[in-house]
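Each chain is listed here by its residues.
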Amino acid sequence: MKRRIYGIETEYGLLIKEEDFKYGPIDVAVRVKNHIFDKKQGVLDLHYRANDEPPGNGGFLVNGGRVYLDMGHLEYASPECSNLTDLVTFDRAGDMVVQEALEDLGWGDQVAFIKNNVDLETNATFGCHENYLVSRAFQFDNRENLRLLASFLVTRQIYAGAGRTGACNPQPFRDWDDIHQAKKDTEEVHFQLSQRADHIPNEFYRWVQYNRAIVNTRDEPLSDPSKYRRIHLLVGDSNMSEFATALKMGTTSLMMELIELGVANPDWILADSVAAMRSISRDQEFKWHIQMRDGNQSTALELQWEMLKTAKEYLAGANADADWVIEAWESVLTDLPKGPEHLIGRVDWAAKYWLLTEFMEAENLGWKDPWVKSLDLEYHNLNRNVGLYWGLEETGDANRKTTDAAIEHAKHNPPRGTRADGRGELVKRLVESQTGYLIDWIGFRLNKEEPFLMLDPFVSYKKDIRAYLERMDLQQPFDRDSFFR
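Residues numbered from 1 in each chain as written. Predicted model: local features only at pLDDT ≥ 70, side-chain atom pairs only at ≥ 80, totals over all residues. Heavy atoms only, no water.

Asks: Account for unusual backbone geometry, naming residues and giving values.
Replies: Trans peptide bonds make up the majority, and among non-glycine residues the majority have a negative phi. Phi is positive for Asn 123, close to 65°, though the residue is something other than glycine. The backbone of Phe 286 shows a phi angle near 60°, a positive value even though the residue is not glycine. Looking at the element boundaries, Phe 286 is found in the loop between helix H6 (273-282) and strand S13 (289-291). (Helix = DSSP H or I, 4+ residues; strand = E, 2+ residues; numbered from the N terminus.)

Asks: I'd like a rundown of the packing of aromatic side chains, residues and numbers included.
Replies: Under the defined criterion, the tally for this structure stands at 24 aromatic pairs. Look at Trp 288 and Trp 349: their rings are 6.3 Å apart centre to centre, the planes differ by 85°, and that puts the pair in the edge-to-face class. Pair noted here: Trp 288 is in the loop between H6 and S13 and Trp 349 is in helix H9 (residues 348-363), with a separation of 61 residues, a long-range link. Ring centres 5.5 Å apart and planes at 70° place the aromatic pair Phe 452 and Tyr 468 in the edge-to-face group. Placement of Phe 452 in strand S17 (residues 452-453) and of Tyr 468 in helix H14 (residues 462-470) is noted, with a sequence separation of 16 residues between them. Phe 452 sits in the buried class, given a relative accessible area of 14%. (Phe/Tyr/Trp six-rings, centres within 6.5 Å; stacked < 30°, edge-to-face > 60°. Buried < 20%, exposed > 50% of the residue type's maximum accessible area, 1.4 Å probe, protein only.)

Asks: Mind laying out the sheet that holds strand S16 (residues 443-446), listing which residues take part and the relevant values?
Replies: Spatial strand order, S15-S16-S17: three strands in an open sheet with antiparallel pairing. Of all the strands in the sheet, the pair left with one neighbour each is strand S15 (437-440) and S17. Contacting S15 and S16, helix H13 (residues 420-431) runs over the sheet at an angle of about 155° to S15. The strands that H14 touches are S16 and S17; relative to S16, the one it contacts most, it runs at about 5°. (Pairing = 2+ DSSP bridges. Contact = heavy atoms within 4.5 Å. Axes fitted to C-alpha atoms, helices over the stretch in contact; angles between N-to-C directions.)

Asks: Which residues make up the side chain of Thr 310, and what are the values?
Replies: Locating Thr 310 in the fold gives a position in helix H7 (residues 300-315). Its relative accessible area of 13% is what places Thr 310 among the buried residues. Beyond its immediate stretch of four places on either side in the chain, Thr 310 contacts Leu 258, Val 263 and Trp 268.

Asks: Could you give an account of the nonpolar core, naming the residues involved and the relevant values?
Replies: Ranked by internal contacts, the top residues of the largest apolar core, which has 108 residues, are Ile 158, Tyr 159, Ile 214, Val 215, Met 255, Trp 329 and Leu 336. Here this core takes nine residues from helix H2 (residues 84-104), the largest share from any one element. Apart from the residues within four sequence positions on either side, Ile 158 is in contact with Leu 193, Ile 280, Trp 288, Ala 300, Leu 301, Gln 304, Leu 333, Leu 336, Val 347 and Trp 349. Ranked by size, the runner-up nonpolar core spans 23 residues in total, among them Val 62, Phe 452, Tyr 461 and Tyr 468. (Core = buried A, V, L, I, M, F, W, Y, C linked by side-chain atoms within 4.5 Å.)

Asks: Describe in detail the environment of Gln 195, supporting the description with residues and values.
Replies: Take Gln 195: it is sitting in the loop between strand S9 (191-192) and strand S10 (202-205). In this structure the C-alpha to C-alpha distance between Gln 195 and Asn 34, which are 161 residues apart in sequence, comes to 29 Å. With sequence-adjacent residues up to four places away left out, Gln 195 is seen in contact with Asn 116, Asn 117, Val 118, Ala 162, Gly 163, Arg 164, Asp 237, Lys 352 and His 380. Among the polar contacts made by the side chain of Gln 195, one reaches the main-chain amide nitrogen of Asn 117 at a distance of 2.6 Å. (Polar contact = N/O pair within 3.5 Å; in protein donor to acceptor, adjacent residues only side chain to side chain.)

Asks: Outline the side chain of Asn 145, supporting the account with residue identities and numerical values.
Replies: Mapped onto the fold, Asn 145 is located in helix H3 (residues 143-155). Given the relative accessible area of 13%, Asn 145 is considered buried. Contacts of Asn 145, omitting those with residues within four sequence positions, involve Gln 139 and Ile 259.

Asks: Can you break down the packing of H3 against H7 residue by residue, with the values?
Replies: Between H3 and H7, the shortest axis-to-axis distance is 9 Å and the interhelical angle comes to 125°. Here H3 lies oblique to H7, going by the angle between them. H3 and H7 meet at a crossing whose hand is left-handed. Of the residues in H7, those in contact with Ser 151, Phe 152 and Thr 155 of H3 are Ala 300, Leu 303, Gln 304 and Met 307. Looking at the contact of H3 with H7, its residues break down into four nonpolar, three polar and no charged. (Parallel < 35°, antiparallel > 145°, perpendicular 65-115°, else oblique. Left-handed = near helix turned anticlockwise from the far one by under 90°. Nonpolar A, V, L, I, M, F, W, Y, C, P; charged D, E, K, R; others polar.)

Asks: Give me the lowdown on the packing of helix H5 (residues 242-261) against helix H8 (residues 320-335), citing residues and values where you can.
Replies: Two elements in contact, H5 and H8, have axes whose closest approach is 9 Å; the angle formed by their N-to-C orientations is 110°. For the element pair H5 / H8, the angle class is roughly perpendicular. By crossing handedness, the relation of H5 to H8 is classed as left-handed. Across the interface between the two elements, Phe 243, Ala 246, Leu 247, Gly 250, Thr 251 and Leu 254 from H5 touch Ala 322, Trp 324, Val 325, Ile 326, Ala 328, Trp 329, Ser 331 and Val 332 from H8. Across the contact of H5 with H8, the residue classes break down as eleven nonpolar, three polar and no charged.

Asks: Help me get a handle on H3, residues and values and all.
Replies: Along its 13 residues, H3 runs 18 Å from first to last C-alpha, staying within 8% of the 18 Å computed at 1.5 Å per residue. The buried fraction of H3 amounts to ten of the 13 residues, a majority that puts the element mostly inside the structure. Those residues of H3 that fall on the buried side of the exposure criterion are Asn 145, Leu 146, Leu 148, Leu 149, Ala 150, Ser 151, Phe 152, Leu 153, Val 154 and Thr 155. Measuring from the side-chain oxygen of the N-cap residue of H3 to the backbone nitrogen of Glu 144 gives 2.8 Å; that N-cap residue is Asn 142. (Expected span 1.5 Å × (residues − 1).)

Asks: Run through the environment of Asn 319, naming residues and quoting values.
Replies: When you line up the elements, Asn 319 lands in the loop between H7 and H8. Separated by 59 residues in sequence, Asn 319 and Glu 378 place their C-alpha atoms 37 Å apart. From its side chain, Asn 319 meets the backbone nitrogen of Ala 322 in a polar contact 2.8 Å long.

Asks: How would you sum up a negative patch on the surface? Please name residues and give values.
Replies: Taken together, the side chains of Glu 18, Glu 19, Asp 20, Glu 103 and Asp 109 present a region of like negative charge at the surface. Within the secondary structure, Asp 109 is located in the loop between H2 and strand S6 (111-114). Assessed through its relative accessible area of 70%, Asp 109 is described here as exposed. (Patch = residues over 30% accessible without salt bridge, like charges linked within 9 Å, V, L, I, M, F, W, Y side chains within 5 Å. Areas by Shrake-Rupley, 256 points an atom, 1.4 Å probe, with all protein chains shown as cover. Salt bridge = Lys/Arg side-chain N within 4 Å of Asp/Glu carboxyl O. Lys, Arg positive; Asp, Glu negative; His and termini not counted. Charge placed at Lys NZ, Arg CZ, Asp CG, Glu CD.)

Asks: I'd like a description of the pattern of salt bridges, backed by residues and values.
Replies: Within the structure shown, the criterion is met by 41 salt bridges. A salt bridge links Glu 100 to Lys 411, with the shortest nitrogen-to-oxygen separation between them at 2.8 Å. With Glu 100 in helix H2 and Lys 411 in the loop between helix H12 (404-410) and H13, this residue pair connects regions lying 311 residues apart in the sequence. One salt bridge connects Asp 198 with Arg 278, and the closest N-O pair in it is separated by 3.9 Å. Here Asp 198, found in the loop between S9 and S10, pairs with Arg 278, found in helix H6; they are 80 residues apart in sequence, far enough to count as distant. For Arg 278, a relative accessible area of 13% puts it in the buried group. Counted as one network, the salt bridges with shared partners bring together Arg 92, Glu 242, Arg 384, Glu 393, Arg 400 and Asp 404.

Have a look at this one:
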């Protein structure tokens, strides 16, 4: 398994539970964001990052990650991580930073941050974006490679999906559909594997906001473009389970390596990956039938087994992460046919399905009952006192990949082994300074000094940044007109 840089961006849902609460969702998100930076957990941007990201819209944290507002949602981007344990740890650290700010403001009982991907009332969707650094030599412009990756992403939802009640038929379903054509979803769907499946109309597409795709082809490396490419995926769900997060990211990385090695089998390509994603997610019997491009019939489970066998043949023993992923992957594929109750704590959709069906049986309720929909959301509540997922951790039923102590440390310290380490050092110094600054993922600039570039994500830059800062007067007052002249 090659060295990778991983990252996760999480857009949080926000639920106001009191009808007469004094603030609306966007106002709450703004105040939570501001409170994080008022607590000196990071520094707000002093400059425009884009037309919709003015100064103060967000900023970098002392752990090397970012908190910001994106189209009304509070979003956390993890720092660059070089292994799966760090990735899970810093993903969870972001959840805790956001939730603790909410509680500091005294709104823990009235407002909830929901780590999911769909508003069950309006069916609006928001994302969980996965980032993987690959070599510039990765043949990402090869359509066969993209179709292979799409086939994997479509079928991995059988263990990576977060689950949801109900369904949505967005307009248009595909980007070439007639937007004026009336469509009615007559299929009865009580429960789905994936929260994003109904909202992905394309197999490949570059722009992310209005034509979501299974494989996003945008080329924005956020590193040396001659050496690296960043694969930016928005097809997946936000996971509560640490095991599911690590397995999702780990298996995807292994699949990319199989493609890079040229050993991914073209027979894995689906006839219609968009339709397959939707049908797999909606299959009420969990059979997950698929049609291959060559006309053969298979199932998502069988295809995932084929991919796993190839990964074992070529990647077993490469390093500890690869071996953990292969073992975890095999354990889940083995247990999937046994039923959701055998996957509790490892697969989010299965844990949610089991919890909801047990509750419905006990209370004699149906899938359309508002109480069931409410519990669907509560599975993702970041508040440990009420969120359903946290009960699995308390009982020991959740498979952990990190620890509470590590998460606490990751709220205030960056991961080692990537440039996030140096960025975290910079932000910690800037929190107590008055100097002007401009920070981005690939570097920074202080006052009128030349930019300090950090183009290699595998390099810490920490010692160089410390030496650089020692030469600076960090108490020189910030002069906006001079800084941006």
